[in-house]
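# Understanding the architecture of this molecule
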Amino acid sequence: MKYIKSQMKQLIKENKELQNRLKEMMEQLDLEKNFALKALYHAEVAEGGKYQLAYQALDLPKG
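A brief report on the enclosed structure follows. Predicted model, so just to flag it, every value in this text is computed and none were measured.

### Section: the packing of aromatic side chains
- For the coordinates displayed, the defined rule picks out 2 aromatic pairs.
- Seen from their ring centres, Y3 and Y41 are 5.3 Å apart, and the 65° between their planes marks the pair as edge-to-face. Linking Y3 in the segment before α1 (5-13) with Y41 in helix α3 (residues 33-44), this pair joins segments that are 38 residues apart in sequence.
- Pairwise contacts between aromatic rings join Y3, Y41 and Y55 into one cluster.

### A word on α1
- Three or more residues of α1 are buried, namely Q7, M8, L11 and I12. Down the axis of α1, the smallest arc covering the buried residues is 135°, so these residues share one side. Along α1, exposed side chains directed more than 90 degrees from the buried face belong to S6 and K13.
- Tucked inside the fold, the buried residues of α1 contact α2 (16-28), α3 and α4 (52-57).

### Structural notes on the side chain of N15
- Mapped onto the secondary structure, N15 falls in the loop between α1 and α2.
- Judged by relative accessible area, N15 falls into the buried class, the value being 18%.
- Among the polar contacts made by the side chain of N15, one reaches the main-chain amide nitrogen of L18 at a distance of 2.9 Å.

### Some points on the packing of α1 against α2
- At their nearest, the axes of α1 and α2 sit 6 Å apart, and the two run at 115° to each other. Classed by the angle they form, the pair α1 and α2 counts as roughly perpendicular. Taken together, the residues of α2 that come into contact with α1 (itself represented by L11, I12 and K13) are L18, Q19 and L22.
- When grouped by side-chain class, the residues that make up the contact of α1 with α2 number 4 nonpolar, 1 polar and 1 charged.

### Brief notes about the pattern of salt bridges
- Per the stated rule, a full pass over the model turns up 2 salt bridges.
- Note that K50 is salt-bridged to E17, the shortest N-O span being 3.1 Å. Placement of the pair is K50 in the loop between α3 and α4 and E17 in helix α2, with a sequence separation of 33 residues.
- Exposure remark for K50: the relative accessible area of 59% places this residue in the exposed category.
- Linking R21 and E44 is a salt bridge whose minimum nitrogen-to-oxygen distance equals 2.9 Å. Residue R21 is located in helix α2, and its partner E44 is located in helix α3; the two are separated by 23 residues in the primary sequence.
- Given the relative accessible area of 26%, R21 is considered partly exposed.

Quick notes on the rules
- Residues numbered from 1 in each chain as written.
- Predicted model: local features only at pLDDT ≥ 70, side-chain atom pairs only at ≥ 80, totals over all residues.
- Heavy atoms only, no water.
- Phe/Tyr/Trp six-rings, centres within 6.5 Å; stacked < 30°, edge-to-face > 60°.
- Helix = DSSP H or I, 4+ residues; strand = E, 2+ residues; numbered from the N terminus.
- Buried < 20%, exposed > 50% of the residue type's maximum accessible area, 1.4 Å probe, protein only.
- Arc of directions from axis to C-beta.
- Contact = heavy atoms within 4.5 Å.
- Polar contact = N/O pair within 3.5 Å; in protein donor to acceptor, adjacent residues only side chain to side chain.
- Axes fitted to C-alpha atoms, helices over the stretch in contact; angles between N-to-C directions.
- Parallel < 35°, antiparallel > 145°, perpendicular 65-115°, else oblique.
- Nonpolar A, V, L, I, M, F, W, Y, C, P; charged D, E, K, R; others polar.
- Salt bridge = Lys/Arg side-chain N within 4 Å of Asp/Glu carboxyl O.

Right, dumping it as structure tokens:
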């Protein structure tokens, strides 16, 4: 599984908890949005993270 910025943005757009986590990371760690997106991906999505299945579902063809 690899990081795809547009997919990560879509996942966050659909999830209030992730929106809050992104905002917290940007403020607490003083990160630009792009870096915070990647950090959030590695913390919450990659390697069996809480949102891995939701992220992967965004990659499925719509049918």
